[in-house]
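The chain contents come next:
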Amino acid sequence: MSQLVVLNLGKGNWQQGFPSIAAQIWTDSQANPIQVTGSLPALPELHQCSQQWRNLYQALYRHLGGTQLGALRSVFEIDETDVTHVSKSEFKTLCQTLHRLLNQALSDPAFQAIDRQLRTQLNPVEEVQLVILAEQLEILRFPWEHWQFFDDYPRAELALNPPNYGRSFTKREVVQARKVRILAILGNSQGIEIDHDRTLLNQLPQADVHFLVEPSSQQLNQQLWEQPWDILFFAGHSSSQSQGILQLNPQEEITIEDLKYGLRRSIEQGLKLAIFNSCDGLGLAQDLATLHIPQMIVMREPVPDRVAQEFLKYFLTAFSAGESLYLAVREAREKLQAIEAQYPCASWLPVLCQNPAEPSPRWQDWCAVAAAPSPQLPKRSLSMGLASGALVAGLVLAVRALGWLQTVELAAWDGLMRLRPVEPPDDRIVVVTIGDQDIQAQGNEPRRGSLSDRTTRQLLTQLNQAQPRVIGLDIYRDFSASDPQLAKLLKGDRLVAICKRPDAQDDASGILPPPETPGKQVGFSDFVQDADGIVRRQLISMSPQSTSRCTASYSFSAQLAFRYLASQGVAIDFTPQQQLKLGQAVVNKLGNRSSGYQPVDAAGIQLLLNYRNVGSPASPKNVTRQISLTQFLKGEVNPDLFRDRIVIVGVVTPNTGDIWPTPYGQAFAQRLPGVMVQAQMVSQLLSLALDRRPILQPWPFWAEGIWIVGWSLGGAVLGVGLRSLRYWCGAVVIGSSLLLITSYVLLLQGVWVPLIPPLMGLFISSSLSRIVQFKSSDLEMRPGVIPS
């Protein structure tokens, strides 16, 4: 999956600033884009540094061009009037300064709303296409790929475009050619070696390359008008001074304006990508953008011949092998770093220009697969059965991918969860419950919420005397304490308080934590519910929202568990792949498509919640020991019960609305108080790290596909091999039972595998293959009919 960001800088520049910047963020999980605005202040120092860099770059390549660096693919002489001497070390220092100033500018508070939203919405492990729009060519020349964002998101790549764009008009139907059609223009090659470019193009798979060697403008126009092309390629000399110029041959230069109608015709016929493997191509790209060409690849500055050749080799290799256009450009660009000792800033030169209104293509999009022969009735029953099984498996996978099976898959998962054996309660956690009687016992004491300040002070004082490891206060207190002693207790090192993020369906900005509690001791209390309202997932962390009053990065349950585990000497970390590491245990975060979730909003770091099944009858309510507030305050409980444990204080009365449907029931009486859900989540993390109790994780997508296809093919074999209806029904029942038992056993080991899709595949493919087999047998037995 890819994610698209369009960052419109408008008419701003570094001398006067960028007063109005708009970012639109498109992800696969959202039908409409998220838009956020910001600005950047003026930074003349950055503008001057950029101009100095360009002057030194041109001077460096001019001074060294005829010796170490080789010829430039440029049609003009570089101006050296302002620069008389330059060294590589001086140039390197200037590059570092430019890099530093750029990231300093993008760290400005006025831009942070955009930066935070990008990091909140975008998944670092998925492809990110970031298109920067700007009116001034000077701003487009800027090395934006050195923004720290691109280091933090290794599958992100930059593209540029003017702010005005639109969809290209294609007259013909989009019919994929059997080969990728490339019009390769090899222009004036004086002083450079472009035969290397020709060799690379000839080696491309599934490509039909037509070369025009030093053509006239008439020959080029003729090809643009007469033939449909997928890619337009130019190698030779070019420049972007007052306008983009291509040198077709030693005697003739041409501008984009001179090719306007031919290029427009070619775009109408399906031209999707133009590659200008020549110097200083941003002017060409700017001129071509007015024709709404979908994609272009150009060089920002004059480019040495060797750099142009190496980039082309790396790009074509990656792109034709199936890599996306954006990632192929990034890979090729970054590989140029290997030659930067000889060619400074080589990796700064290539840049992708993208029309945001057009989709980014892949090489395979232009290659057609040969048409399959017309299906015929197989002569052998087994072949016929396997074909029907494969067909059914494909349909089941398609229906599942559309999300149509999600409700029944989650219901089946709930059923398996309820069947698990009983476990002992987690004695590392004690819950102090606040019920209706505990609230009424406070009498007329002034209070806001479930506890008065006096009761809260008494509770925390007695708890601290019992010396627990951690105290979790699962009660909203967004107001200051009226009692100085209580305020001191709310700052205690043992205490973890809660805040609440804003709900997606309203405009509220959430609930603040207690003002006295330090931010590092606050966790958000939010749960994630599925479409049916059931809590099946646990949030570990999420990036703070810029508009929320709750800025905690970690959930309440994670804060409690992490503090307890740290006191036990358990190392807590997150891998670069956003895996949670607790000691030796490593857990993958939940993905957007994970087993029965097809799809799911997996923002932040989420885990499946492996409820602890306790008591008789088995219930998640009995996850740990529970003490009422009144019992505790009256001293009816041995204080040793709390020593070195996690104590969670929370409301259990249903009147507050803090009760949640679980896989164990959705009825009002079956719902679980929020504090007990928190206890389940804490217990899950403790048990994973200390007891090696398995946490639930789905198989990867490819393994689930094999699993579903395998059961479908197995059902087809049953349908073909068992002619007796009685035996066939018995085999289907046995197969279904085996599937159910296997899924249950794997669930006990912490693996959630699909149950409903393979069950459908088994039954439907078995029935279908049986029907087709009998029809075939009937056809072969008819007199006068010759079976095919």
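Residues numbered from 1 in each chain as written. Predicted model: local features only at pLDDT ≥ 70, side-chain atom pairs only at ≥ 80, totals over all residues. Heavy atoms only, no water.

Draft legend 1. Broad picture of the confidence of the model for the chain. When the pLDDT values of the chain are averaged, the result is 86; 90% of them are 70 or greater. Low pLDDT (under 50) marks residues 75-82, which in the prediction has 15 contacts with non-local residues, meaning those over four places away or in another chain. (pLDDT = per-residue confidence, 0-100. Contact = heavy atoms within 4.5 Å.)

Draft legend 2. The side chain of Glu145, seen in detail. Along the polypeptide, Glu145 turns up in the loop between helix 4 (137-140) and helix 5 (148-152). Take Glu145: its relative accessible area is 8%, and that puts it in the buried class. Within the structure, the side chain of Glu145 is placed 2.8 Å from the side chain of Arg300, a separation counted as a polar contact. (Helix = DSSP H or I, 4+ residues; strand = E, 2+ residues; numbered from the N terminus. Buried < 20%, exposed > 50% of the residue type's maximum accessible area, 1.4 Å probe, protein only. Polar contact = N/O pair within 3.5 Å; in protein donor to acceptor, adjacent residues only side chain to side chain.)

Draft legend 3. Structural detail: the pairing of strand 12 (residues 273-277). Counted residue by residue, strand 12 has five buried out of five residues, so it is predominantly covered. Alternating positions in strand 12 separate into two faces, Leu273, Ile275 and Asn277 on one and Ala274 and Phe276 on the other, with burial throughout. For strand 8 (residues 231-235) and strand 12, the ladder comprises five bridges, and the chain directions are parallel. Counted as the bridge partner of Phe233 is Ile275 from strand 12. Across three bridges, the pairing between strand 12 and strand 13 (residues 295-299) is parallel. Bridge pairing in strand 13 places Ile275 opposite Ile297. Note that the unit made of strand 12, helix 9 (residues 282-289) and strand 13 has a crossover that is right-handed. (Pairing = 2+ DSSP bridges. Right-handed = clockwise from strand over helix to strand, strands pointing away.)

Draft legend 4. Structural context of the packing of aromatic side chains. Counting across every chain of the model gives 27 aromatic pairs. Judged by centre distance (5.7 Å) and plane angle (45°), the ring pair of Trp14 and Phe142 falls under tilted. On the criterion of sequence distance, the pair formed by Trp14 in the loop between strand 1 (2-8) and strand 2 (18-26) and Phe142 in the loop between helix 4 and helix 5 is long-range, its members being 128 residues apart. Take Trp14 and Phe142: they sit in the same class, and that class is buried. Ring plane angle 15° and centroid distance 5.3 Å describe the contact between Phe315 and Phe319, whose orientation is recorded as stacked. (Phe/Tyr/Trp six-rings, centres within 6.5 Å; stacked < 30°, edge-to-face > 60°.)

Draft legend 5. Representation of the packing of helix 17 (residues 556-567) against helix 19 (residues 674-691). Axis separation between helix 17 and helix 19 bottoms out at 9 Å; the angle between their running directions is 35°. Crossing hand, helix 17 versus helix 19: right-handed. Residues Phe556, Ser557, Ala558, Leu560, Ala561, Phe562, Tyr564 and Leu565 of helix 17 touch helix 19, and the partners they reach there are Gln678, Met681, Val682, Leu685, Leu686, Ala689 and Leu690. Considering only residue class, the contact of helix 17 with helix 19 consists of 13 nonpolar, two polar and no charged. (Axes fitted to C-alpha atoms, helices over the stretch in contact; angles between N-to-C directions. Left-handed = near helix turned anticlockwise from the far one by under 90°. Nonpolar A, V, L, I, M, F, W, Y, C, P; charged D, E, K, R; others polar.)

Draft legend 6. A look at the nonpolar core. In this structure, Trp14, Trp144, Phe149 and Phe315 are the most contacted members of the largest nonpolar core, which totals 126 residues. At nine residues, the largest contribution of residues to this core is made by helix 10 (residues 305-320). Ala561, Leu607, Met681 and Trp752 belong to the second largest nonpolar core, which has 64 residues in total. (Core = buried A, V, L, I, M, F, W, Y, C linked by side-chain atoms within 4.5 Å.)

Draft legend 7. Region of the structure containing the packing of helix 20 (residues 701-721) against helix 21 (residues 725-748). Relative orientation of the contacting elements helix 20 and helix 21 amounts to 160°, with a least axis distance of 10 Å. The angle between the axes of helix 20 and helix 21 places the two elements in the roughly antiparallel class. In the packing of helix 20 onto helix 21, the handedness of the crossing is right-handed. Of the residues in helix 21, those touching helix 20 at Trp707, Trp711, Leu718 and Gly719 are Trp728, Ala731, Val732, Gly735, Leu738, Leu739, Thr742 and Ser743. For the contact of helix 20 with helix 21, the residue count by class is eight nonpolar, four polar and no charged. (Parallel < 35°, antiparallel > 145°, perpendicular 65-115°, else oblique.)

Draft legend 8. Seen up close, the sheet that holds strand 21 (residues 580-582). Across the sheet, three strands lie side by side as 20-21-22; this open sheet has antiparallel pairing. Looking at the sheet topology across the chains shown, the edges are occupied by strand 20 (572-574) and strand 22 (585-587). The sheet shows a mean angle of 20° between the axes of neighbouring strands, direction not considered. As defined by bridge partners, strand 20 adjoins strand 21 across three bridges and the pair is classed as antiparallel. When the bridges of strand 21 are listed, Phe574 appears paired with Leu580. Sitting on the sheet, helix 17 is in contact with strand 20 and strand 21, with an inclination near 125° to strand 20.

Draft legend 9. Spotlight on the sheet that holds strand 16 (residues 470-474). With parallel pairing, the six strands of this open sheet are ordered in space as 18-17-16-25-15-24. The open sheet has two edge strands with one neighbour each: strand 18 (522-524) and strand 24 (625-628). Pairwise comparison of adjacent strand axes, ignoring direction, gives a mean angle of 25° for this sheet. Direction of pairing for strand 16 relative to strand 17 (residues 495-499): parallel, over a ladder of two bridges. Its bridge partner being in strand 17, Gly472 is matched across the sheet by Val496. Across the sheet, helix 17 touches strand 16, strand 17, strand 18 and strand 25 (646-651), and the angle it forms with strand 16 is around 175°.

Draft legend 10. Looking closely at the state of the cysteines. Scanning all chains against the criterion turns up one disulfide. Each disulfide pairs two cysteine sulfurs, and for Cys499 the partner residue is Cys550, the sulfurs being separated by 2.0 Å. Handedness of the Cys499-Cys550 disulfide follows from its S-S torsion of about 45°: it is right-handed. Here Cys499 is found in strand 17, whereas its partner Cys550 is found in the loop between strand 19 (537-541) and helix 17, with 51 residues between them in sequence. Under the relative-accessibility criterion, Cys499 is labelled buried at 0%. Cys345 provides the cysteine sulfur closest to Cys95, a residue in no disulfide bond, and the two sulfurs are 3.3 Å apart. Residue class for Cys95 comes out buried when judged on its relative accessible area of 10%. (Disulfide = S-S within 2.5 Å.)

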